[in-house]
Amino acid sequence: ALRGVRLGELFEMLRFCLVCTCTALDIIEPSFAFKQALSRIQEQYTDAAENFFKDECLHYGQRCQAMASLVALQIRLLASDVRVICLSTQEVVQLMSRHTSFHDCLIVAEAYKMRSMSSWIEPLYNQVIVRGNFSYYAEFKRTFPRKSSLCSEIAA
């Protein structure tokens, strides 16, 4: 039980570091130093994930892995002014609805624990029906098992 508490504290500490970095993102212009800070946080999440997996703490390992991927995505998107860290649920849905890369949206959805099919209805509608981005839908189908009612939910 004590080990679980310590692991939870470690994950929360890493999350706090990311939140502090997000606050800086609101205040300062992204720079090389900012990118380096994000890189350090990504490395810490990656190291923590490896340690959690070694200790057979799969939940925390997967969470850290998802967060490391999210931070890596943020680093890659810094120049484009797209923000993927420290978003609200509504901001995540908005991002998934307007960002054209399904793979990037999947990283965001995993990090924010938006794994249900209902989380994908609005993004699929906007990407496929409104924008005609059929590669988005093709990637979605390859990633998720097909649900027969999904088409009717998107159309509704």
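What comes next is a walk through the structure. (Residues numbered from 1 in each chain as written. Predicted model: local features only at pLDDT ≥ 70, side-chain atom pairs only at ≥ 80, totals over all residues. Heavy atoms only, no water.)

Side note on the pattern of salt bridges
- Per the counting criterion, the structure on display carries 3 salt bridges.
- With a shortest N-O distance of 2.4 Å, Arg76 and Asp104 are connected by a salt bridge. Highlighted residues: Arg76 in helix 3 (residues 58-77) and Asp104 in helix 5 (residues 102-111), separated in sequence by 28 residues.
- A relative accessible area of 52% means that Arg76 is categorised as exposed.
- The class for Asp104 is buried, based on a relative accessible area of 5%.
- For Glu110, the salt bridge identified is with Arg115, shortest N-O distance 3.3 Å.
- Taking relative accessible area as the criterion, Glu110 reaches 31% and is therefore assigned partly exposed. (Salt bridge = Lys/Arg side-chain N within 4 Å of Asp/Glu carboxyl O. Helix = DSSP H or I, 4+ residues; strand = E, 2+ residues; numbered from the N terminus. Buried < 20%, exposed > 50% of the residue type's maximum accessible area, 1.4 Å probe, protein only.)

Notes on the packing of aromatic side chains
- Inspection of the entire model under this criterion finds 9 aromatic pairs.
- Centre to centre, the rings of Phe102 and Phe140 are 6.1 Å apart; their planes meet at 90°, and the pair counts as edge-to-face. Of this pair, Phe102 sits in helix 5 while Phe140 is found in helix 7 (residues 134-143), placing the two residues 38 residues apart along the sequence.
- Between the aromatic rings of Phe102 and Phe144, the centroid separation amounts to 6.5 Å while the plane-to-plane angle is 85°, which identifies the pairing as edge-to-face. Of the two residues, Phe102 sits in helix 5 while Phe144 sits in the loop between helix 7 and helix 8 (150-155), which places them 42 residues apart along the sequence. Here Phe102 matches Phe144 in class, with each residue buried.
- An aromatic cluster is built from Phe102, Trp120, Tyr136, Tyr137, Phe140 and Phe144, whose rings are joined through pairwise contacts. (Phe/Tyr/Trp six-rings, centres within 6.5 Å; stacked < 30°, edge-to-face > 60°.)

These figures come from the coordinates and say nothing about function on their own.
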